[in-house]
Amino acid sequence: MSTARNRHSDVPAVRSQEYRIAVVTGREDLHALRAEWTDLLLDSRDPNVFMSWEWMTAWQQEYRGRGRPHVLLARRAQDGFLVGLAPLYETATRAPLALRSMGFIGTGVGADHLAFILRRDEETSVFGALSAYMLSTQGWDALDFPRMEEETARRLGDAVSRSGRGRLARSSELADLCPYIALPGTWEAYLRTLSSNARKDLGRRSRRLQEQGDVVIQRVQDVGELDSAWEIFFRLHRERRQAVGGRSAFMADRTWAFHRAFMRTAAERGWLRLYLMKVGDQYVAAEYCVHFGGRVSDLQCGFDMRWSRYGVGTLLVAHAIREAIAEGATEYDLLRGGEEYKQQRWAASLRKDVSLLIWRRQPRVAMLIAARRCATKMKAHLRRRLASHHRPDPAADREVPA
């Protein structure tokens, strides 16, 4: 193996017989990758908006204080064509004993199914080259991958077992069950996949709502409409969360700012599917979705709890699914949260996201990993204790059955 200076950073590039691995650490160089990154993602096995250049760079802009990019690029040695990418970042360390870790850019703001981006016809060999490089380099104590796509987590865990040679340890756990709907070609065909009760329920809710006044569903398409639409959406989401109690990570200032910026970019790209439901002169529900690569991802919702008895949230999701089918989407992704009612109502299948942690077998690192796990358990315990004081009815975070 020989090395060559990487024009993107001060990190040496690595050459192998088939692929040249280089590292991008500069934000300007990251921005210059947009066209290649997008072409690669759309030619991957499972295009996902959370792996898009737009999502990643928006995250870097909002969370730049967390660290710097450390994006691995795999190019064919013979022609320099981009065939793989691992969108990593290095966390900022502020103390001598801090854990030096790397993870995926774009985490912590609602992203699911994170993975490496690989050309579908060279997936196995490119994954091997990227993972071997990542596991063999220095500069990190831990690789922290929450909400990783299950197959990627399994393959990376296998790579640790093969190449770690006692130097590396790993642990994995289920992060979440994620319901999704494989969409047929027509709305009528999809309705036939639902149970008789689910079909009747949609019809009953729709009739009852129509009795309350004129029902209009707006799709926000113009960037100029976004400011007012965002305020409506955010108000409905906030009021719903306040009504049912509990935490909403979406309402954190940074997350709110990230999505407001990303929503604008998604509108400019034609990906945004922001639906607002109005009954008479009142906005009663909102659904925030993104259509990318044939998949519609349902990111967040909000509805007026006073209208929950009419199923406004359910009816708006049904509308979004119908629109996705009409546009030729092949999947409607309900994302994290494998609640049984989602499967029963929407005839959804389940996929798994996995949290994978890899660390070096060193006493200092083991001590820091143990301390972090202890702190995480304590925080989770405190959240449960606080939630138990004002726990809502289990059905309240959905909608009151008609």
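Notes on the structure follow. (Residues numbered from 1 in each chain as written. Predicted model: local features only at pLDDT ≥ 70, side-chain atom pairs only at ≥ 80, totals over all residues. Heavy atoms only, no water.)

On the surface, R27, R64, R66 and R254 cluster together into a positively charged patch. Following the sequence through the fold, R254 ends up in helix α9 (residues 253-269). (Patch = residues over 30% accessible without salt bridge, like charges linked within 9 Å, V, L, I, M, F, W, Y side chains within 5 Å. Areas by Shrake-Rupley, 256 points an atom, 1.4 Å probe, with all protein chains shown as cover. Salt bridge = Lys/Arg side-chain N within 4 Å of Asp/Glu carboxyl O. Lys, Arg positive; Asp, Glu negative; His and termini not counted. Charge placed at Lys NZ, Arg CZ, Asp CG, Glu CD. Helix = DSSP H or I, 4+ residues; strand = E, 2+ residues; numbered from the N terminus.)

Turning our attention to the pattern of salt bridges. Applying the stated criterion to the full structure yields 32 salt bridges. Close ionic contact of D112 with R336 constitutes a salt bridge, the shortest N to O distance being 2.6 Å. Of the two residues, D112 sits in the loop between β6 (101-104) and β7 (117-118) while R336 sits in the loop between β14 (331-333) and α11 (340-346), which places them 224 residues apart along the sequence. In this structure R336 comes out as partly exposed when scored by relative accessible area, which is 29%. Salt-bridge contacts for D176 lead to R147; the nearest nitrogen and oxygen are separated by 3.5 Å. Of the two residues, D176 sits in strand β9 (residues 168-182) while R147 sits in strand β8 (residues 142-149), which places them 29 residues apart along the sequence. For R147, a relative accessible area of 19% translates into the label buried. One network of salt bridges, with partners in common, ties together D46, R295, E331, D333 and R351. (Buried < 20%, exposed > 50% of the residue type's maximum accessible area, 1.4 Å probe, protein only.)

With nine of nine residues buried, strand β13 (residues 295-303) lies mostly within the body of the structure. Relative to β13, strand β12 (residues 282-292) runs antiparallel, the two sharing eight bridges. By the bridge assignment, F292 is partnered in β13 with R295. Counting the residues in the hairpin turn of β12 and β13 gives two residues, including G293, whose phi is positive at 60 degrees. Across three bridges, the pairing between β13 and β14 is parallel. (Pairing = 2+ DSSP bridges.)

On to the nonpolar core. One finds W37, M134, F145, F262, L274, Y288 and I358 to be the most contacted residues of the largest nonpolar core, which totals 80 residues. Residues within four places of M134 in sequence aside, it is in contact with L72, L88, F116, W140, L143, F145 and L156. Judged by nonpolar contacts, the second largest core, of 32 residues, contains L194, Y275, V296 and I321. (Core = buried A, V, L, I, M, F, W, Y, C linked by side-chain atoms within 4.5 Å. Contact = heavy atoms within 4.5 Å.)

This part takes up the pairing of β8. Of all eight residues that make up β8, six are buried, and the element is covered over most of its length. Two strands pair when backbone bridges link them, and β6 and β8 are joined in this way by three bridges, in the parallel orientation. Pairing of M102 across the sheet is with L143, part of β8.

A few words now on the environment of L118. Secondary-structure assignment places L118 in strand β7. Here the alpha-carbon distance between L118 and P47, two residues 71 residues apart in the chain, equals 9.9 Å. Those residues in contact with L118, other than ones at most four positions away along the chain, are L40, D43, S44, R45, V83, G84, E123, V126, F127 and L130.

You will see that H113, though not glycine, has its phi angle at about 60 degrees, which is positive. Within the secondary structure layout, H113 lies in the loop between β6 and β7. What makes H113 buried here is its relative accessible area of 5%.

Turning next to helix α3 (residues 53-62). Burial within α3 is extensive, with eight of its 10 residues counted as buried. Those residues of α3 that fall on the buried side of the exposure criterion are W53, E54, W55, M56, T57, A58, W59 and Q60. Buried residues belonging to α3 abut α1 (27-31), α2 (34-42), β4 (67-76), β5 (82-91), α9 and β13.

Looking now at the state of the cysteines. All chains considered together, the criterion is met by zero disulfides. Looking at the unpaired C301, the closest cysteine sulfur is the one in C289, lying at 9.4 Å. Classification of C301 by relative accessible area gives buried; the value is 16%. (Disulfide = S-S within 2.5 Å.)

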